[in-house]
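This is what each chain is made of:
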Amino acid sequence: MKARPLIAWLLVLVALGGGGAWWWQKQRTGEAPQFRTAKIERGTLTASVAASGTLAATVQVQVSSQVSGQIREVLADFNAEVRKGQVLARLDPETFEYRVRQAEADLEAARAQVGVQLATVAARRSDLSRARINLEEARRDLERKQDLVARNFISPAERDKANSVARALEQDVASATAQVELAEAQVRNVRSTVAQREAQVASARVDLGRTVIRAPVDGVVIKRSIEPGQTVAVSLAAPEMFLIAQNLRDMQVEVSIDEAEVARLRVGQRTTFTVDAFPGRTFEGVVTQVRKASKNEQNVITYTAVVSADNDSQILLPGMTANVRVVTDVRNDVLKVPNSALRFRPPGWTDAPKSAALPEPVRAALEALVPDAIAQSAPPARPPQGAAGPGTGQGAAPGGGQGGGQMRAFRERLERELSLTPQQKSQLDEIFASMRERFAAMRDAPESERPKLAERNRAELRARIGEILDPAQKKKYGEILVELSGRAVLRGRVFAPGPDGKPMPVELRLGLSDGSSTEIVGFVGDAKLAEGDLVYTGVISAASTTGPARPVGPRL
């Protein structure tokens, strides 16, 4: 009787052991994985560029001192509203007052010298008049004696003596005339000295006036850098004393834009931005300038874009960090697929090797230049089940190689719209051939360097094409590039439920992306998707199909 409960317990243990072994074997052999799905939707896509910058007043005026000295008074503080000409600070004027007095004394001395020289001129003119009178008397005497000699009343010696006296008096007149001219020149010299002394007085008075620091514009003092008693030394650079924002109702954000995204920005684009001081609140602005001067910080090239913003409520303050979002393009009523579906690959799926095709950065660079334009490369190996590699454009389009056809289409468009001459056509072929080799050579470059090399090669390709064009063709060529830069078409792949219930690859031609969804421009191959169709975005649960079994259950 006691053996029956023992046997029952043994049977229960055997049953539990068998069930556990069956469950473990089931886990090892695996079941069909469960996938997360999403729908293909139709709607609006908005592409944007995100960056950060610093808020600042549209016009900021730095107030400095033009003279050195000690600060005696500071009459303006932070946040003070000031008017143009209002006194902000005063320097000790004592030194400059002495300079004014010295300059004025020098001026008076110079003016006195003018009086002395004018008196000298009068004396010299008097001497000249006396010499001229004596000369006239000598000439009359000479005339009388010549008449007497003709009548034989006097001897010729008397006439000759009178002639010598007249000639000597002529020299005296010439000498007196020179003395008058010299005195007049001295008067002019002294008067120029007076003008010089007057300029020195004016300069000294200007320096004295500069000891009073005034506001150059109407505005608000947003920075004060001086204190009473501080010494201001002006050498090569004027020291900053105050910083005045002319109008805080008009603000701007200077945003640093990466070189890969600067081509997407245009003046007039609408922007939104947020600041940490007001979480959850969005402000609007407009791109007013895209500066062409680049900045190189740790080998990272950026460009500055200026975004204007209204600040009627004056809640935005200079110096706040703004997180800016610039809307670069909007597409309405388009099919869009989640980006997670583009990244998804079913368990066990193996993409084709990429060595036979161009690397993705290279292909993306060419596709940014020409929609769906992919440089010719060696024919890619077809992946399993007739699917192409992810986003590499390896799927063959109907009618031959996709890359060559699109490049030919771009070349034909240039010939048609730019009216290329036979010589330009030949040069264009040489450019495409040489640059195709440059892009293909990027396969050996490190992965981190490929985007920069691709951007550099793309810019060189555009520049070389522009060099063979005349001015009219260059203008049209620029319009074509602007159009294509906003409509670049890339390639991608998603997986949808197939007729047999297994994931079926669908090759897509992609357009605009907003970071979470991407526009579907078209399809490559026979497989197509419509609005409402499901695509796979991830795996909920899946058993391992290759390699050693992984334990399932709670970790200890």
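Scoring rules and cut-offs
- Residues numbered from 1 in each chain as written.
- Predicted model: local features only at pLDDT ≥ 70, side-chain atom pairs only at ≥ 80, totals over all residues.
- Heavy atoms only, no water.
- Pairing = 2+ DSSP bridges.
- Helix = DSSP H or I, 4+ residues; strand = E, 2+ residues; numbered from the N terminus.
- Axes fitted to C-alpha atoms, helices over the stretch in contact; angles between N-to-C directions.
- Parallel < 35°, antiparallel > 145°, perpendicular 65-115°, else oblique.
- Left-handed = near helix turned anticlockwise from the far one by under 90°.
- Nonpolar A, V, L, I, M, F, W, Y, C, P; charged D, E, K, R; others polar.
- Buried < 20%, exposed > 50% of the residue type's maximum accessible area, 1.4 Å probe, protein only.
- Salt bridge = Lys/Arg side-chain N within 4 Å of Asp/Glu carboxyl O.

**Student:** Whenever I open this one, the pairing of strand β11 (residues 250–258) confuses me. Can you help?
**Tutor:** For a regular strand, side chains alternate in direction, first toward one face of the sheet and then toward the other. Note that strand β2 (residues 41–57) and β11 share five bridges and pair antiparallel. Each bridged residue has a counterpart across the sheet, and for Leu-55 the counterpart in β11 is Val-253. Pairing analysis gives nine bridges linking β11 to strand β14 (residues 300–310), with the strands arranged antiparallel. Within β14, the residue paired with Asp-258 across the bridge is Thr-302.

**Student:** It is not clear to me how the sheet that holds strand β8 (residues 219–224) should be interpreted in this structure. Could you clarify?
**Tutor:** Strand pairing within a sheet occurs via backbone hydrogen bonds; the two strands may be parallel or antiparallel. The strand order across the open sheet formed by four strands is β3-β10-β8-β5, and the pairing between neighbours is antiparallel. Across the chains shown, the open sheet's two edge strands, defined by having one partner strand only, are β3 (60–64) and β5 (81–82). By the bridge criterion, four bridges tie β8 to strand β10 (residues 240–245) in an arrangement that is antiparallel. Within β10, the position partnered with Lys-223 by the bridge is Leu-243.

**Student:** What am I meant to see in the packing of helix α2 (residues 94–150) against helix α3 (residues 156–209) here?
**Tutor:** Two quantities define a packed helix pair, namely the angle between the helix axes and the distance between the axes. At a minimum axis distance of 7 Å, the contact between α2 and α3 shows a crossing angle of 165°. Considering their axes alone, α2 and α3 lie roughly antiparallel with respect to each other. Read as a crossing pair, α2 and α3 show a hand that is left-handed. Looking at the contact of α2 with α3 residue by residue, the class counts come to 29 nonpolar, eleven polar and 22 charged.

**Student:** What is the right way to read unusual backbone geometry from this model?
**Tutor:** Apart from glycine, the bulk of residues carry a negative phi angle, and the bulk of peptide bonds sit in the trans form. Positive phi is not limited to glycine here, since Asn-299 has a value of about 65°. Position of Asn-299 among the secondary structure elements: in the loop between β13 (283–297) and β14. A relative accessible area of 59% means that Asn-299 is categorised as exposed. Backbone geometry places Ser-419, a non-glycine residue, at a positive phi of 55°. Along the chain, Ser-419 falls in the loop between α6 (402–418) and α7 (422–440).

**Student:** Explain the pattern of salt bridges to me, please; I cannot follow it from the model alone.
**Tutor:** Pairing of side chains with opposite charge becomes possible as their charged atoms draw close. One pass over the structure, following the stated rule, counts 26 salt bridges. Between Asp-218 and Arg-83 there is a salt bridge, with its nearest N and O atoms 3.9 Å apart. One end of the pair, Asp-218, is in the loop between β7 (212–214) and β8; the other, Arg-83, is in the loop between β5 and β6 (87–91), and 135 residues separate them in sequence. As a salt-bridge pair, Glu-519 and Arg-331 come within 2.7 Å of each other at their nearest N and O atoms. One end of the pair, Glu-519, is in strand β18 (residues 517–524); the other, Arg-331, is in strand β15 (residues 321–338), and 188 residues separate them in sequence. One network of salt bridges, with partners in common, ties together Asp-141, Arg-144, Lys-145 and Glu-158.

**Student:** I'm lost on the sheet that holds strand β9 (residues 231–232) in this one. Help?
**Tutor:** Judged by pairing direction, the sheet is antiparallel, and its four strands sit side by side in the order β7-β6-β4-β9 without closing on themselves. Each edge of the open sheet is held by one strand with a lone partner, namely β7 and β9. Note: strand β4 (residues 69–74) against β6, three bridges, orientation antiparallel. Opposite Val-74, over in β6, you have Ala-89 as the bridge partner.

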